[in-house]
Amino acid sequence: MLSSTLIVGLVLGGTYALLALGLTIQYGVARIMNLAYGELVIAGAFFTMLMVTQAGLNPLVALILALPLGYGFSWLLYTVVLHPLARRSKSQGQLEVDSILVTFGLLFLMQGLYQVNFGGNFQGYQWLQNPVNILGTKIAGGRVIGLVFAVLIGALLYLAMIKTRWGVNMRAVASRPQFAALVGIDMRKEARMAFATGGALAAAGGAILSMYQTFTAVDGTFLTMKALVIVIMGGVGNLIGALLSGIIIGLVEAGVSVAIDPGLTLAATYAIFLVVLLWRPRGLFST
Amino acid sequence: MKFEKKHILFLIGAVLVVAGLAALPLALKDYGDGLLLGLFSYITLASAWALFSGPTKYISLATVAFYGTGAYTVAVLNETLPFAVVLVVALLIGLVISLLVGLATLRLAGVYFVIFSFGLAEMVRQLITWFETRVTGTLGRYVFVDLTTTHLYWMLLGLACLTLFIRWWIGESRLGLAIHAIGDDETVARHAGVNVTLVKLALFAISAAIITLVGAIQSPRYVYIEPSIVFSPTVSFLTLIMALLGGATRTWGPVFGAVPLFFLFEWLSTNLPDHFSIVLGLIFVGIVFIVPNGVLALIEGLFTRKRRGTRT
Amino acid sequence: MFDARNISLRYGKHLAVDDVSISVGEGECVVILGANGAGKSSLLRGISRMAPIDPAGRITLRGADLGAVPAHRIVEEGIALVPEGRGVFTEMTVEDNLWLGSNPKRARADNETRRGEILALFPRLAERRKQRVGTMSGGEQQMVAIARALMSNPDLLFLDEPSLGLAPIVVKELFATLTRIKESGVSMLLVEQNVTSSLALADRGYVLEAGRITSEGTARELSSSSVVMEAFLGH
Amino acid sequence: MSDLLTLRNVTKRFGGLVAVNEVSFTLGAGEVVGLLGPNGSGKSTVMNLISGELPATSGSITFDGTDIGPLPPHRIAKLGISRTFQLVRLAESLSVRDNVIMPLAFASPHVWGRKARRRADAALERVGLGGQGDMAPADLNYIDQKRVELARAIAPDPKLLLLDEWMAGLNPSELRTAIELIRGLGDTGITIFLVEHIMEAVRELCPRCIVANAGSVIADGPTEAVLSTPDVRRAYLGEAADV
């Protein structure tokens, strides 16, 4: 049982880490606290489901398609809704409040649209349910492939952040936005790109999530909350921190649901969050 | 304090309006009673929310955590204690939880507070559910008290008046001065001798205690209670948006936000239940873009501009 | 080559720079001297477009108007700023910081050769390419900031109090390096409190008091007169 | 003259940086003392340590017989230390008068109601803002906003007034007015400790000066004498770098 919990936890943690990665890029670079993030994840899940059930595509093809779509949608969202707010606000505090409220509105808007179109039931599709044997544990094939792709996308993004000019510029803005102009970086362009990249990761995370579990129209809220907790645990803008914290939360959730009660996973996440806030408010991995 | 003529007139007017409101159930059918109860519960919730969140700019999404705690306290204790005592117990529980949460989170940056308060209700709900199913073995409780809807309405009307009075009184007191200064610049407030943590904590606790009481008074209306019913996040969202629409920094702002939105959402949930969330979302976006300081500020702005216009 | 006319700059209602005009010639090193709070840094931020100036001001580089150029494009035009407090990305490595310096298109072509030249100028940075800048000493961070600015292949270097907070021995090293940079043909505009060292380096100087230029002249003239002393220690 | 404020071996570190290094000095009751030094010499940090905005890493700060080192700013304010800020800081949502009433309302014992109004208006009158209590801070010009800050600082009759570059950014005629204002305050016997760059003001107002450089006190004594020591000149003008 221990090893199956571990593997379930790792799969969950890998997906969470990917989601948190997207959110930490959005918050770290674009300085937008996006409370509708989870709704974009669910959009990716719905999209994948439709591609599989209606168009008969392989979920992995849908995943590849979800990336540019998530990017484009978030790019548009930033340009039309959030950039005007960023331009209007006089202080960082004001932008924070405004962006929280606006993305909160988007959360309801998108949830409402999902409910009108798909209803409130559990959604999903059948894919690779046959168990494969890993270290003596039987686990659904979809889960394994989900984890592989979460890790793959996360690793690619990480490499891009470290090795490419695109990534170095992004990290520079995340760490010291006020100095960006000194090295010729256009903050506005960078913020839009970061927000869109985060959106691409969200959609991809949703596609992966749909490969191994069912979801509902309103699940986005909990995903946002978990991703936020992971981001803050890892330290805002800290990519490695987000990856590690994602895995920790995944393992804790799997552990709590096996050892105590599946109904307490969010409570456990929040208990950890509270400890982190009191003990190391700048994140577990801050220096 | 010197009472001027306008104060006395205001007082007489207020007494008349409250008496009129109190007498309303006599003229209404049961449905109307329930509607009034709901309306005044949201007026109180929004006003209590704005009491803390308005001047401090800490966006609290913890409303339903306290509301649900109040309702649940009544559900657990209504058969063993008289209703009045249960209310006092609920009030105390609300105070204790808010002090603990406040001590842990009010030192932190605003955005952490938002996120924590976002999940607090869900955390409390999960803990109660777990406790009820695993320890007491009774998920779901019945609330039977010897009170009619009209009685509950009177209590809420009283609580609404009290909340507005507290808001007015704080505005006139040293506490009001302190909290506005804190909202502007904590450092300035601290150097003027204000114990910032204490003031924030006190206001958060007062606000939470009122919200807990609203939940407790509303509790008998549910008759059957389980965590997923009384900890519905919609309560937090509606409270927040009502206060924002009216303008959270003004005494009457939340009232002006609560009245139209309550009726709008009441109408939506009977006529267009599927579109409830969409409309809620659109209103949020609309407020941020069109009336960021609330309608009351907008109206005042229009009037002053008009007055200035006629003068020149 | 660089000309700034009638520059005024305000913070809210406070006029920090009051109708100042300065210029830098080709290959020249110019210093702006002044006591704390005289408005030196504000002036530098204004003419490098990092802070908004009043509309009457005119800034040109080799005749091209920089008035409408946004802050992040200034470095592309050939002006690199080393701000007060250095403005380095402390969470990133020396290498990352240098790479960021080569962001402008004007710097991309012979990026690698330039990096070699710059690292030769700052041997200590060459040894520590993988080190995080935040873990380095103040003097080393200042070197990173200057090296990064040079990576953008600038025609003109703006330096805001580079000696601030550095030990005397490090200041000495810093000015030695600046002298070599000057010899390599880069024009410089320097804001400094360290009068002695900066007048030894500079060709020309301005003295700023309460947001206005109160005197100007060659470095030699300024060193021998008492105006500088008075600007710092009162009349 | 009795000692009002004593700093003994006060050190403040930010990470690896030592901003204030083993600083010791004493202010006597009724003195007007200037704190000088080049940028980055740790002057503002000293102000923040005294007012409680920052906790000292080590050393002790005694005010009027009380060890204020471990106290938070609001407790220190109640003991009778007021300050202004380097960049004007006012509560924008409050009227000018309410800004001045605030420290009265939270002094010990507190003053509230009509009496507080009267005291606030008197303080405003004293700084030359009589009758402007109902204005919004944002509608005042820069010097008047600085005056409001000063009124807020002096309203509770502090024993020690900390002025952090209060005269920075004033034009010559405003500066004259400001110097007279501070001189008037000093004449009432209040102890004033000011960080200032405008030497003219320092020479006129402060019989005594403390000069800091790189976090340490390098001179302390009569203003004219202190300003002509070689150490101070070097601190201001830089050492010869032999280039």
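Residues numbered from 1 in each chain as written. Chains lettered and ligands numbered in written order. Predicted model: local features only at pLDDT ≥ 70, side-chain atom pairs only at ≥ 80, totals over all residues. Heavy atoms only, no water.

**Some remarks on the interface of chain B and chain A**
Here comes step 1: Contacts between the two partners involve 35 residues from chain B and, on the opposite side, 43 residues from chain A.
Here comes step 2: Approximately 3,500 Å² of surface area, both sides summed, lies buried where chain B meets chain A, with 80% of it carried by carbon and sulfur atoms.
Here comes step 3: Together, Tyr 112, Ile 115 and Phe 118 of chain B form the three largest contributors to the area buried by chain B at its contact with chain A, with a combined 18%.
Here comes step 4: Taken together, chain B and chain A are joined by 0 salt bridges.
Here comes step 5: Where chain B meets chain A, there are 6 residue pairs in polar contact (both at pLDDT 80 or more).
Here comes step 6: Of all the elements in the fold, those that place two or more residues in the side of chain B that touches chain A are helix H5 (110–136), helix H11 (234–246) and helix H13 (276–290) of chain B. (Contact = heavy atoms within 4.5 Å. Buried area = accessible area lost by both parts, 1.4 Å probe. Salt bridge = Lys/Arg side-chain N within 4 Å of Asp/Glu carboxyl O. Polar contact = N/O pair within 3.5 Å; in protein donor to acceptor, adjacent residues only side chain to side chain. Helix = DSSP H or I, 4+ residues; strand = E, 2+ residues; numbered from the N terminus.)

**Side note on the interface of chain D and chain C**
Here comes step 1: Of the residues lining the interface, 24 residues belong to chain D; the matching set on chain C comes to 23 residues.
Here comes step 2: There are 0 salt bridges connecting chain D and chain C.
Here comes step 3: There are 0 residue pairs in polar contact (both at pLDDT 80 or more) connecting chain D and chain C.
Here comes step 4: Elements supplying a minimum of two residues to the side of chain D that touches chain C: helix H5 (142–154), helix H7 (199–205) and helix H9 (230–237) of chain D.
Here comes step 5: Broken down by element, the residue count for the side of chain D that touches chain C peaks at 3 residues, all from H9 of chain D.
Here comes step 6: Among the residues making up the side of chain D that touches chain C, the classes are represented as 11 nonpolar, 7 polar and 6 charged. (Nonpolar A, V, L, I, M, F, W, Y, C, P; charged D, E, K, R; others polar.)

**Brief notes about empty space enclosed by the protein**
Rolled over the atoms, a probe with the dimensions of a water molecule shows which regions are left empty.
Here comes step 1: On inspection of all chains with the given rule, the structure shows 7 cavities of 30 Å³ or more.
Here comes step 2: When its volume is computed, the largest cavity comes out at roughly 70 Å³.
Here comes step 3: Residue lining of the largest cavity: Leu 182 and Val 183 of chain A together with Val 75, Ala 80, Leu 81, Gly 101, Ala 145, Arg 148, Ala 149 and Ser 152 of chain C, and that is the complete set.
Here comes step 4: Every element with two or more residues in the lining of the largest cavity is listed here: strand E6 (79–82) and helix H7 (138–151) of chain C.
Here comes step 5: In terms of residues, the lining of the largest cavity owes the most to one element, H7 of chain C, which gives 3 residues.
Here comes step 6: Here the lining of the largest cavity is built from residues that sort into 7 nonpolar, 2 polar and 1 charged. (1 Å grid on protein atoms, 1.4 Å probe; cavity = no way out; pocket = protein on both sides within 12 Å on 5 of 7 lines; lining within 4 Å. Points joined across faces, edges and corners; volume = space filled by probe spheres on them.)

**Side note on the packing of helix H8 (residues 220–234) of chain A against H5 of chain B**
Here comes step 1: As a packed pair, H8 of chain A and H5 of chain B sit with axes 11 Å apart at the nearest point and diverge in direction by 135 degrees. The pairing of H8 of chain A with H5 of chain B is recorded here as oblique in orientation. Note on packing geometry: the crossing formed by H8 of chain A with H5 of chain B is left-handed. Taking contact as the criterion, the partners of Thr 221, Phe 222, Met 225, Leu 228 and Ile 232 of chain A in H8 of chain A are, on H5 of chain B, Tyr 112, Ile 115, Phe 118, Gly 119 and Glu 122 of chain B.
Here comes step 2: Tallied by class, residues from the contact of H8 of chain A with H5 of chain B come to 7 nonpolar, 2 polar and 1 charged. (Axes fitted to C-alpha atoms, helices over the stretch in contact; angles between N-to-C directions. Parallel < 35°, antiparallel > 145°, perpendicular 65-115°, else oblique. Left-handed = near helix turned anticlockwise from the far one by under 90°.)

**Quick look at the sheet that holds strand E1 (residues 3–14) of chain D**
Residues and elements named next belong to chain D.
Here comes step 1: Spatial ordering of the open sheet is given by E2-E1-E4-E5, a layout of 4 strands whose pairing is antiparallel. Among the strands making up the open sheet, the edge pair consists of strand E2 (17–28) and strand E5 (66–67).
Here comes step 2: By the bridge criterion, 2 bridges tie strand E4 (residues 58–63) to E5 in an arrangement that is antiparallel. When the bridges of E5 are listed, Thr 62 appears paired with Asp 67.
Here comes step 3: On top of the sheet, helix H1 (residues 43–51) reaches E1, E2 and E4; it is set at about 115 degrees to E1, its chief contact. (Pairing = 2+ DSSP bridges.)

**Looking at the environment of Ser 225 of chain C**
Residues and elements named next belong to chain C.
Here comes step 1: Among the structural elements, Ser 225 can be located in the loop between helix H10 (219–224) and helix H11 (227–233).
Here comes step 2: A residue is classified by how much of its surface remains accessible, and Ser 225, at 31% relative accessible area, is partly exposed.
Here comes step 3: A sequence separation of 56 residues divides Ser 225 from Ile 169, and the C-alpha atoms of the two residues are 27 Å apart. (Buried < 20%, exposed > 50% of the residue type's maximum accessible area, 1.4 Å probe, protein only.)

**Focus on the confidence of the model for chain C**
Here comes step 1: In this model, chain C carries an average pLDDT of 88, and 99% of its residues clear a pLDDT of 70 or more.
Here comes step 2: The least confident element of chain C, judged by mean pLDDT, is H11 of chain C at 72; the most confident is strand E7 (residues 156–160) of chain C at 94. (pLDDT = per-residue confidence, 0-100.)

**Quick word on a nonpolar patch on the surface**
Residues and elements named next belong to chain A.
Here comes step 1: A cluster of nonpolar residues, Leu 6, Leu 10, Ile 247 and Leu 251, forms a patch on the protein surface that exposes about 280 Å² of accessible area.
Here comes step 2: Secondary-structure elements contributing two or more residues to the nonpolar patch are helix H1 (2–30) and helix H9 (239–259).
Here comes step 3: Relative to the helices and strands, Leu 10 is located in helix H1.
Here comes step 4: Given a relative accessible area of 34%, Leu 10 falls into the partly exposed group. (Patch = residues over 30% accessible without salt bridge, like charges linked within 9 Å, V, L, I, M, F, W, Y side chains within 5 Å. Areas by Shrake-Rupley, 256 points an atom, 1.4 Å probe, with all protein chains shown as cover.)

**Thoughts on helix H3 (residues 94–101) of chain C**
Here comes step 1: Burial runs high along H3 of chain C: 6 of the 8 residues are buried.
Here comes step 2: Restricting attention to buried positions, one finds in H3 of chain C the residues Val 94, Asp 96, Asn 97, Leu 98, Leu 100 and Gly 101 of chain C.
Here comes step 3: On the buried face of H3 of chain C, the contacting elements are helix H6 (165–175) of chain A together with helix H5 (111–121), helix H6 (123–127) and H7 of chain C.

**Concerning the side chain of Thr 265 of chain A**
Here comes step 1: Following the sequence through the fold, Thr 265 of chain A ends up in helix H10 (residues 265–279).
Here comes step 2: Its relative accessible area of 15% is what places Thr 265 of chain A among the buried residues.
Here comes step 3: The contacts of Thr 265 of chain A, once residues within four sequence positions are left out, are Glu 253, Val 256 and Ser 257 of chain A together with Gln 126 of chain B.

**Some remarks on the pattern of salt bridges**
Here comes step 1: Inspection of the entire model under this criterion finds 41 salt bridges over all chains.
Here comes step 2: The residue Glu 204 of chain D makes a salt bridge to Arg 176 of chain D at a minimum N-O spacing of 2.8 Å. In this pair, Glu 204 of chain D is assigned in helix H7 and Arg 176 of chain D in helix H6 (residues 172–187), connecting sequence segments 28 residues apart.
Here comes step 3: Classification of Glu 204 of chain D by relative accessible area gives partly exposed; the value is 31%.
Here comes step 4: Look at Arg 176 of chain D and you get partly exposed, because its relative accessible area is 33%.
Here comes step 5: In the salt-bridge network here, residues are joined through shared partners; they are Glu 95, Glu 112, Arg 115, Arg 129 and Lys 130 of chain C.

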